[in-house]
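# Chains, contacts and geometry: an overview
Given next are the chains, with one letter for each unit.
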Amino acid sequence: MSHLENTNSTLNVSTLRELARKELTNVLDSVRGRKCLVLDSKISGPLGLVAEFSLLKDHGVEKMHHLQQGPLETELRSVIYICRPSLTYMRYIAEQIRIHQSELSNPTNVNPQKYEYNLFFVPRRAKICERVLEEEGITLGEYHLDLIPFEDDLLSLELENTYKELYLDGDYTAIYYAAQALMRLQSLFGLFPRVIGKGDCAKHLADMLLRMRKEVAIDDPISMHSMSQNIESLIIIDRSVDLITPLCTQLTYEGLVDEVFGIRHSFVEVDSTIVGPPPQRAASASATSVSTSTTSVQPPPQSAIKKKKFHLNSGDKLFAQLRDMNFAVVGGVLNRVAKRLNEDYEARHQAKTVAQIREFVNKMGGLQSEHQSLRTHTGIAEEITAHTVTPEFNKALEVQQNLVAGIDIITQNDYIEEMIDRQLPLVQVLRLLCLQSLVNGGLRQKSFEFFKKEILQTYGFEHLQSLLNLERLNLFIKQVSTRNSYPSIRKALRLIVDEVDEQNPQDIAYVYSGYAPLSVRLVQCIIKGPNVVVNNPLTAIGTSFTNAGSSLGLLRNNGWKGYEEILRLLPGKTFDEVQRLEDGAVRAKRLLPGQQPRVTIIFFLGGCTYTEVAAIRHLAQHEEGHREFIIATTQLINGNSLLNSLLQKVDHDGHSNIVI
């Protein structure tokens, strides 16, 4: 059973998973007989979240391959390709078909195999890809795998490099995919009464969504004729509005797992010694306490270590408890859980009667499962701790926190220069330089030219295109004026909170130990309403934002009203659209006693970090059950993955593929 099926969420997002599974089986059943399934490597991870191999096997799949260059060797007659619409993949497929055709026409081949080819694009087909294959005799179709539910409050399109495609390449395909995915949500749960957002690409998405709704209403008036009874609004946040947040180091448990190990499609790859089976122990005799067995993982020799994937989701109760906590308090929680488990194991000595022994034996399965989870997360926490205690990590974190707080911005250059001299990874250097540029309105001309020269001389001139990419995106620029909007934004939205209680947080700033994500502050602006006095932010936002719930049961959502001055300081367009039915305007409803909570969907276009997810969950906890948040995004990112998508790829020979 999926972990999504045991939730009390107002919106049943597991419906999306079931629809994806059903459509996948229809795709497989459209081809008769035994099948060879060839998957784009970027699809296999997301596909694994909606369908296990046993389901594929039940529908005729006997062999699976990753789509790559070179011949496809299979004895199965029916071949099904499922991949993203990429020209590179189309060339691979065309090459494989031609190789099979040449084998068929080879007179020396005694028993030639004739193949049947089917290609399903995910999530939509592209005309340019169809043209590459139009003479190859392949049947084309679509598999609409779009928003994948990771949790009951987290959905992702699992697209890659969307920020780069939107702002560097000018490719708006991701906006079309996002609009189609949001249309599917409207078809399932009703129309969004209100669409609010910030950012140029976010405005494109909102316009496309409204246009699609009108087009569907013409073709099928009934399908889009009902307003959602649960969803209050859709908030679209463009990543370009807040690039500061992803460049900061995430400090929640799940955020640091992503920073240190990298989370892909909700899986993390760690040493098998961490997630391997627990040591064998008999219920009747176990003198070793749980805390002793879980606080130390002795690794085998480095050459013998193998990697293993571990699924991170709320089905693991301990992970559900730890994931959104600041990492500073994780150790104490693990210690308390270890002591409780040890006490539960020791309770076997109190079992005297047959009934008591049977009761303990029935609990053993759950205890062993908890023990394994504790062992795994203790091992992961130890690996993270080994990373966070290093001088490099702590100094970089100090520089980041000084930059976002506006403390001695220029003096932080000394450590960045030291990083270059020590040839630390380029992405770590650029992460601090881009952060400084964003919070300071660019680097002073002398500093800009100095760092540009130092990077090229130290890391190689092949990285010139990478620096030009960052300049085009205004991530790494010269100061053209002394005017800088960030200090005003920081003060007005109270992005810096001096005193943060990480043990019992009262403000979203706990996720970065003092810095409140700008993107989530904007969400607070919308849900809190205009009663926050903008020109006195320290008394308004600092107190009111931590108590966003409404004891009267009336949900306030006045859009951007009252925040016009702040929004002008941020890049991109601001919009607030009300969707209407034929019978007039849509008005917010009063929340009645016993009524289900209202739902706000927050869509991050261009990527979202795990700390932003944690911060929004923190907001939900303070809504006193009146409001739920569903977070949707094009992909989950961190500072490294965001910058790596923008950097020029250089091969081992020093050659690079120029990005235009």
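This text follows the structure it describes.
Report on the accompanying structure. (Residues numbered from 1 in each chain as written. Predicted model: local features only at pLDDT ≥ 70, side-chain atom pairs only at ≥ 80, totals over all residues. Heavy atoms only, no water.)

### Points about unusual backbone geometry
The step from Val-122 to Pro-123 runs through a cis peptide bond, and the omega angle for that step is -10 degrees. Position of Pro-123 relative to the elements: it lies in the loop between strand 4 (116-121) and helix 5 (127-132). The residue His-265 is not glycine, and still its phi comes out positive at about 55 degrees. Tracing the backbone through its elements, the reader meets His-265 in the loop between strand 10 (263-264) and strand 11 (267-271). (Helix = DSSP H or I, 4+ residues; strand = E, 2+ residues; numbered from the N terminus.)

### Digging into the nonpolar core
Membership of the largest hydrophobic core comes to 134 residues, with the highest contact counts inside it found for Ile-82 and Tyr-143. Here this core gets 9 residues from one element, more than from any other, and that element is helix 18 (residues 426-439). With residues near it in sequence (within four places) discarded, Tyr-143 still touches Ala-20, Glu-23, Leu-24, Val-27, Leu-47, Val-50, Ile-82, Phe-120, Phe-121, Val-122 and Pro-123. Among the nonpolar cores identified, the runner-up in size contains 37 residues, and Ala-174, Phe-192, Leu-605 and Ile-630 belong to it. (Core = buried A, V, L, I, M, F, W, Y, C linked by side-chain atoms within 4.5 Å. Buried < 20%, exposed > 50% of the residue type's maximum accessible area, 1.4 Å probe, protein only. Contact = heavy atoms within 4.5 Å.)

### A closer look at the packing of aromatic side chains
According to the stated counting rule, one finds 9 aromatic pairs in the structure shown. By the ring-pair criterion, three or more aromatic residues cluster together here, those being Tyr-253, Phe-319 and Phe-327. (Phe/Tyr/Trp six-rings, centres within 6.5 Å; stacked < 30°, edge-to-face > 60°.)

### Thoughts on the environment of Ala-174
Tracing the backbone shows Ala-174 in helix 7 (residues 173-189). A sequence separation of 14 residues divides Ala-174 from Glu-160, and the C-alpha atoms of the two residues are 9.4 Å apart. Excluding its chain neighbours within four sequence positions, the residues that come into contact with Ala-174 are Leu-159 and Thr-162.

### A short note on the pattern of salt bridges
Under the criterion given, the structure shown has 33 salt bridges. The salt bridge involving Lys-203 is made with Asp-207; its shortest N-O contact spans 2.8 Å. Of this pair, Lys-203 and Asp-207 both sit in helix 8 (residues 200-219), separated by 4 residues, roughly a single helical turn. By relative accessible area, Asp-207 is classed as partly exposed at 29%. Of the charged contacts, one joins Arg-239 and Asp-242 as a salt bridge, the two residues approaching to 3.5 Å between their closest N and O atoms. The pair formed by Arg-239 and Asp-242 is uniform in burial state, with each residue classed as buried. Counted as one network, the salt bridges with shared partners bring together Glu-23, Asp-146 and Arg-184. (Salt bridge = Lys/Arg side-chain N within 4 Å of Asp/Glu carboxyl O.)

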